[in-house]
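Here are the chains, one letter per residue:
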Amino acid sequence: MTYDVFIDSFGARWQDPPPPRYRAAVLTINLTDVLLNPPDDPALTDAVARQTGLDAEMNTYVLATPGAARIVDDAVHELTALLTNTGDRPVQLLVNCWYGRHRAPAIADAVGRRLHLHGVRAAVAHHHINRPPVPRKSPQPGCQFCAVIHHGAEATLIRAWSDTVAIVPHRGGCTPGHILVIPRGHVRDFTTDPVAAGITMQRTAELAHELGIAPSADGGGCNTICNAGAVASQTVFHHHQHLLPRIAGDGLALPWTHPAREQEPTR
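None of these values were measured; they are calculated from a predicted model.

**Some words on the side chain of Arg 203**
Step number 1: Mapping Arg 203 onto the fold places it in helix α6 (residues 194-210).
Step number 2: In terms of polar contacts, Arg 203 uses its side chain to reach the side chain of Asp 163, at 3.1 Å.
Step number 3: The contact partners of Arg 203, leaving out residues within four places of it in the chain, are Trp 161, Asp 163, Thr 164 and Val 181.

Following this line, the structure appears as structure tokens:
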């Protein structure tokens, strides 16, 4: 079947947008900061985790949000106008929210239904709707890193970005210059939110270069370590990346060895 309009919903958080449709004119709807509902709304507490924007309850909730009807109306109007001006070329509508599970699928699906009523052949695809839900990242009571980031608890700040901060460990660290890089949102460990973990690692690498502790011809070097779970030595359950400058004879016992195994040559 030949389609007039391709509608693709996706989550901007995943940094994996759908590919452009060949020769299609492109229209975008960015819902990242639009149609947001209160995070403590009791109507959302359970539904967010178990439903998507295509489930009837969640779909109705999103489309009833003030401003949703106008977004759908404007999209249908702009798409039909584009189709008139593009001749035989199709049009692609990209609709994104933060995770691609709730707002974007609901709006994309509503636009598709409206176009069908107008006789427009529209194909709707949802690219991240089945990704696992990511827990909310609001500050957690009792978390010492949340206390530093959100409540001004005492810490030696090295650098602050919009998404992460870098501080000195409270007890000084394992080597001179030891730094912790911490996402601002409360993420339990690096497995909880792969995107937050990736951004934290990116900031750690940037900081290593900025501070001149990245490996270099004059013998500089560093380690970066993160722990996930108590059995893996995590003591603060808010994801953080350790950045440790290294010099010869600094006393840090690396590389790791397993005392019960005879070490094999590196392969």
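**Things to note about the sheet that holds strand β7 (residues 179-183)**
Step number 1: Reading across the sheet, the five strands line up as β5-β6-β7-β9-β8 and stay open at both edges, with antiparallel pairing between neighbours. Across the chains shown, the open sheet's two edge strands, defined by having one partner strand only, are β5 (157-160) and β8 (222-225). On average, each strand axis in the sheet is tilted by 20° relative to the strand beside it, whichever way the strands run.
Step number 2: Pairing of strand β6 (residues 164-167) with β7 involves four bridges; the strand directions are antiparallel. For Ala 166, the partnering residue across the bridge sits in β7 and is Val 181.
Step number 3: Sheet contacts for helix α5 (residues 144-151): β6 and β7; angle to β7, the most-contacted strand, approximately 75°.
Step number 4: Across the sheet, α6 touches β5, β6, β7, β8 and β9 (241-245), and the angle it forms with β7 is around 145°.

**Details of the sheet that holds strand β1 (residues 5-11)**
Step number 1: A sheet is described by the order of its strands in space; here four strands give the open sequence β2-β3-β1-β4, paired in parallel fashion. At either end of the open sheet lies a strand with only one pairing partner, and these are β2 (25-30) and β4 (122-126). The mean angle between the axes of side-by-side strands here comes to 15°, regardless of whether they run parallel or antiparallel.
Step number 2: By the bridge criterion, six bridges tie β2 to strand β3 (residues 91-97) in an arrangement that is parallel. Counterpart to Asn 30 in the pairing with β3 is Asn 96.
Step number 3: Running over the sheet, helix α3 (residues 68-85) touches β1, β2 and β3 and is turned about 170° from β2.
Step number 4: The sheet strands contacting helix α4 (residues 103-117) are β1, β3 and β4, and the helix crosses β1 at an angle near 170°.

**Things to note about helix α2 (residues 56-63)**
Step number 1: All buried positions along α2 are accounted for by Met 58, Asn 59 and Val 62. Considered in projection along α2, the buried side chains sweep an arc of 100° and stay on one side of the axis. Facing away from the buried side of α2, by more than 90 degrees, are the exposed residues Ala 56 and Thr 60.

**Section: the packing of α2 against α4**
Step number 1: One way to put it is that α2 packs onto α4 with a least axis distance of 9 Å and a crossing angle of 85°. If you check the angle between α2 and α4, you find them roughly perpendicular. Of the residues in α4, those in contact with Asn 59, Val 62 and Leu 63 of α2 are Arg 103, Ala 106, Ile 107, Asp 109, Ala 110 and Arg 113.
Step number 2: Split into classes, the residues belonging to the contact of α2 with α4 amount to five nonpolar, one polar and three charged.

**Overview of α5**
Step number 1: Of the positions making up α5, those classed as buried are Phe 145, Cys 146, Val 148 and Ile 149. The buried side chains of α5 occupy one side of the element, clustering within an arc of 160° when seen end-on.
Step number 2: If you follow the buried residues of α5, they end up packed against β6 and β7.
Step number 3: Downstream of α5 by a residue or two, Gly 152 has a phi angle that is positive, lying close to 75°.

Reading guide: rules and limits
- Residues numbered from 1 in each chain as written.
- Predicted model: local features only at pLDDT ≥ 70, side-chain atom pairs only at ≥ 80, totals over all residues.
- Heavy atoms only, no water.
- Helix = DSSP H or I, 4+ residues; strand = E, 2+ residues; numbered from the N terminus.
- Polar contact = N/O pair within 3.5 Å; in protein donor to acceptor, adjacent residues only side chain to side chain.
- Contact = heavy atoms within 4.5 Å.
- Pairing = 2+ DSSP bridges.
- Axes fitted to C-alpha atoms, helices over the stretch in contact; angles between N-to-C directions.
- Buried < 20%, exposed > 50% of the residue type's maximum accessible area, 1.4 Å probe, protein only.
- Arc of directions from axis to C-beta.
- Parallel < 35°, antiparallel > 145°, perpendicular 65-115°, else oblique.
- Nonpolar A, V, L, I, M, F, W, Y, C, P; charged D, E, K, R; others polar.

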